[in-house]
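Chain by chain, the residues run as shown.
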Amino acid sequence: LKPFCKKCAMEKILIDNNEMTEEAAAKYRKRTTYDWLRKQSIFSDESIKYATFASYIEDEKETIESKKLARHIAGEYLKGASYNTVFYGSVGTGKSHLSMAMLQAVNEHSDSFKRCLFVSTDELMRRIKDSFSNKQSPYTEQAMVERLIKADLLVLDDLGAETGAASTENEATDYTIRTLNAIVNGRMNKPTIFTTNLSSTQLTKMYDKRLMSRMFRGSKGHVIKFENTRDKRTDIDYGF
């Protein structure tokens, strides 16, 4: 029989326990930060989940410049920048793709994990309203406002769509404005990326000026416009 050292055995147990504790802590940190982008995001189009800079098609001068600026801003967010960014342009020009690509880049390359979150504004409001009649819903107003405030970097996608308006004459309801105000006010020191099909003039008709001012805080020089890019969704080959 090999000689038994009680002290050595206890030390090994302590080391094993410490390693297990550290591993469990690391998994918890990852689950409550890095995994947010995949598990906590709210998409209206599930294909956006897989959008990256590598898969973004640069086939026009504007798309080349837009990707370059988006990558630059993502790099600044990695360094701790807290200003907001706005993507503006027609449907199908790649706003959601590039905004998600920015999240993916920050999520993958942050030295300490960050909570990155992509949320469709229209889908967010729909789920919150559905929770009114479903007491078991995890998408209550309080829960969702807290989640969006807690995110280190947030994309609010397709701002204005929650009014149900292709017509830009529609005004956001008081409830929508109050909900967005709660989110934006809670994120005053955190960066938010907004995408929208609507101009600032059109958005001003939907929301009050105070909300607009806070949403576009620090966005000067960080507005990515798609004015000439064609709708890439119309390029689909249906095979007939």
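In this numbering scheme, every chain counts its residues from 1 along its sequence in written order. Predicted model: local features are reported for residues with pLDDT of at least 70 only, side-chain atom pairs are reported and counted for 80 or more only, and whole-chain, interface and lining totals are derived from all residues. Computation of side-chain values: all heavy atoms of the structure, hydrogens and water removed.

## Remarks on the packing of aromatic side chains
Which entries qualify depends on this criterion: The criterion for an aromatic pair is that two Phe, Tyr or Trp rings (for Trp, the six-membered ring) have centres within 6.5 Å, with stacked assigned to planes under 30 degrees apart, edge-to-face to planes over 60 apart and tilted to the rest. Secondary structure counts use DSSP, requiring at least four H or I residues in a row for a helix and at least two E residues in a row for a strand, with both numbered from the N terminus. Throughout, exposure labels follow a simple rule: accessible area from a 1.4 Å probe, protein chains only, divided by the maximum for the residue type, with under 20% read as buried, over 50% as exposed, and the rest as partly exposed. Placement of a charge over a ring requires the Lys NZ or Arg CZ to be within 6 Å of the ring centre, with the centre-to-atom vector within 35 degrees of the ring normal.
Throughout the structure, instances matching the rule amount to five aromatic pairs. Plain terms: the ring middles of Tyr34 and Phe113 are 5.4 Å apart, the flat faces sit at 50° to each other, and that makes the pair tilted. On the criterion of sequence distance, the pair formed by Tyr34 in the loop between helix H1 (6-31) and helix H2 (36-39) and Phe113 in the loop between helix H4 (95-109) and strand S2 (116-120) is long-range, its members being 79 residues apart. Since its relative accessible area comes to 39%, Phe113 is described here as partly exposed. Judged by centre distance (5.2 Å) and plane angle (20°), the rings of Phe43 and Phe118 are stacked. Residue Phe43 is located in the loop between H2 and helix H3 (61-78), and its partner Phe118 is located in strand S2; the two are separated by 75 residues in the primary sequence. Here Phe43 and Phe118 have matching classes, each one buried. One residue, Arg71, lies across the ring of Phe53, its end atom 5.2 Å from the ring centre. It is Arg115 that lies over the ring of Trp36; its NZ or CZ is 5.8 Å from the centre.

## Overview of the sheet that holds strand S5 (residues 223-226)
Note the threshold: Two strands pair under a simple rule: DSSP has to find at least two bridges between them. Simply put, an axis is a line fit to the C-alpha atoms, just over the touching stretch for a helix, and the angle between two N-to-C directions goes from 0 to 180 degrees. In this analysis, two residues are considered to be in contact whenever any of their non-hydrogen atoms come within 4.5 Å of each other.
Here five strands make up an open sheet; going across it, the order is S2-S3-S4-S1-S5 and the pairing parallel. Two strands close off the open sheet at either side, each with one partner strand: S2 and S5. Pairs of neighbouring strands in the sheet enclose a mean axial angle of 10°, with direction left out of account. Of the pairings in the sheet, the one linking strand S1 (residues 85-89) to S5 comprises four bridges and is parallel in character. Across the sheet, residue Val86 finds its bridge partner in S5, namely Val223. Along the sheet, helix H5 (residues 121-130) contacts S2 and strand S3 (153-159); its crossing angle with S2, the most-contacted strand, is approximately 80°.

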